[in-house]
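Commentary on secondary and tertiary structure
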Amino acid sequence: MYHIDAEIISLAFLVVLFLAIYRDYRRGSYEQRLFTICVTTGILASVAEILSNLSLNLSFPAGIQMLLITTYYAVVMLPVLSWMLYMISLVLDESAPNKAILRAAGAGYGVYLVFVVLNIAFNYIFAVTDAGMVFGPLSQAPDLIFAALAIGAYVFIFVNWNRMESSPLKVLMLLLPLITGLGVLVQLIHPYLAAILPTYSVMLGAAYLLIQNEHTQRVNAQHERIVQTLISAAQNDGMTGVYNRSTSEMLIKGLLDAGSGKHCLFLIADLDDLKRTNDSYGHSEGDKALIAMAHIMKAHFRRTDVVGRMGGDEFCAFIYDVNSEDAMRRSVASLSAKLSSFISREGGCEHCSIGGAFGICGVTSFSELYRQADTALYHVKRNGKNNYAIYAGEELLH
């Protein structure tokens, strides 16, 4: 008597798995569609195996037994073929069917199908007698073909191993068929013990869990990228990429309010005569000048310093933890020279005016720093532009 309890459990599991993936996978990627085919062929083979075993247990007429058992042998090869194609698609990272591989798989299955159908006449795999099914001299041939196909797939995979993306999921997917390989080994040793399809369903279940885990990780990573993009868009100036005014003020106020007692420097940099550039050469050239100015300022200061665009042609910089005011004055002079040297168009040169003010974190407020730096900037603008000045009490030190 043939036991079918394991086959019924594996069939129920595959049906549940099919219902879980069908909606999302049937219109998904090529790999997802192939996985759906793996589950579908597993269901077909399980149904065929259950019906063929029932026909033997319930002593169906010999003709029906022959038909059902032949059908089982015909479809039992489909799961391994579909999994083989699925593994190859993983290795080659295919987004569309490989016609040459599909033709080879179809031709191989066609030869196998002829081998199974001819058994009806020659009984070299099995025969149905009054006493039930009797195995023929080539009864284990389907299992051996099953194993040979799997081995052939692995040979192809390892030959093309370097083409496979470095993905833990794909490596695990290649190892999973070893579960079904144990089922093949058991069935070769005990032909009356059906073990291939139950182990195949276990393999598909494990594969599905791995796929879902990778999908979850991919979705989470994509969500994180979207969140970071939105945060960046909210914090940064769209044209120049430096902080926008609200973010700049928030960061500077946060550092000032920390009350560390560290010395700091606040700068306002203004691009001279931007309107003339826009009127003479077009707004695109003016935009290039603004972008260049932002890049120069960002490259000049440390990553921990705050560089932002306050609006229009006005930028700011906040240097935290100033060790030497003299060194910072030299740094501002160097920045002024850099900003005044870039050219927006041949024959037209943009200059920059800078005003700055020193402060103490926890003592000086942002509004006070801004007023003092703006006063220094106004002094530069009033005295010919293209220069810098730093506020210090009632004096402006160049």
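Heads up: the structure comes first, above all this text.
In this report, the structure presented in the accompanying data block is examined. (Residues numbered from 1 in each chain as written. Predicted model: local features only at pLDDT ≥ 70, side-chain atom pairs only at ≥ 80, totals over all residues. Heavy atoms only, no water.)

A tally of regular secondary structure across the protein gives 15 helices and 10 strands. For the protein, the residues scored as buried account for 46% of the 398 residues in total. A sequence separation of at least 24 residues applies to 69% of the contacts in the protein between residues at least 6 apart. Accessible surface, the protein as shown: approximately 20,300 Å² in total, 62% of it carbon and sulfur. (Helix = DSSP H or I, 4+ residues; strand = E, 2+ residues; numbered from the N terminus. Buried < 20%, exposed > 50% of the residue type's maximum accessible area, 1.4 Å probe, protein only. Contact = heavy atoms within 4.5 Å. Areas by Shrake-Rupley, 256 points an atom, 1.4 Å probe, with all protein chains shown as cover.)

Moving on, we get to the pattern of salt bridges. Scanning the entire structure with this criterion turns up 9 salt bridges. Here D305 ties to R302 by a salt bridge, and the two come within 2.8 Å at their closest N and O atoms. Judged by relative accessible area, R302 falls into the partly exposed class, the value being 41%. The network of salt bridges with shared partners includes D270, D272 and K381. (Salt bridge = Lys/Arg side-chain N within 4 Å of Asp/Glu carboxyl O.)

Looking now at the side chain of D270. Its location among the elements puts D270 in strand β3 (residues 263–271). Of the residues examined, D270 reaches a relative accessible area of 8% and is grouped as buried. At a separation of 2.4 Å, a polar atom in the side chain of D270 contacts the side chain of K381. Setting aside anything within four residues of it in sequence, one finds D270 in contact with M293, D313, E314, H351, C352, S353, L377 and K381. (Polar contact = N/O pair within 3.5 Å; in protein donor to acceptor, adjacent residues only side chain to side chain.)

Enumeration according to the criterion identifies 11 aromatic pairs in this entry. Note on W83 and Y86: the rings are 5.3 Å apart at their centroids and 55° apart in plane angle, and the pair reads as tilted. Within this pair, W83 and its partner Y86 are both found in helix α4 (residues 77–92), separated by 3 residues, close to a single helical turn. Summarising the burial analysis for this pair, W83 and Y86 share the class buried. (Phe/Tyr/Trp six-rings, centres within 6.5 Å; stacked < 30°, edge-to-face > 60°.)

Helix length check: helix α13 (residues 283–300) (18 residues) gives 26 Å between terminal C-alpha atoms against 26 Å at 1.5 Å per residue, within 8%. Buried residues of α13: E285, G286, A289, L290, M293, A294, M297 and H300, and no others. (Expected span 1.5 Å × (residues − 1).)

Further remarks concern the pairing of strand β2 (residues 132–135). Examined bridge by bridge, strand β1 (residues 126–129) and β2 share 4 bridges and lie antiparallel to one another. The residue of β2 that forms the bridge with T129 is G132. Counting the residues between successive antiparallel strands, the hairpin from β1 to β2 contains 2 residues. (Pairing = 2+ DSSP bridges.)

This brings us to the packing of α4 against helix α5 (residues 99–117). Two elements in contact, α4 and α5, have axes separated by 11 Å at closest approach and are oriented at 165°. In terms of orientation, α4 and α5 fall into the roughly antiparallel class. Of the two possible hands of crossing, α4 and α5 adopt the one that is right-handed. Contact with α4, carried on its side by M77, L78, L81, M84, L85, I88 and L92, involves I101, L102, A105, Y109 and Y112 of α5 and no other residues of that element. Considered class by class, the residues forming the contact of α4 with α5 number 12 nonpolar, no polar and no charged. (Axes fitted to C-alpha atoms, helices over the stretch in contact; angles between N-to-C directions. Parallel < 35°, antiparallel > 145°, perpendicular 65-115°, else oblique. Left-handed = near helix turned anticlockwise from the far one by under 90°. Nonpolar A, V, L, I, M, F, W, Y, C, P; charged D, E, K, R; others polar.)

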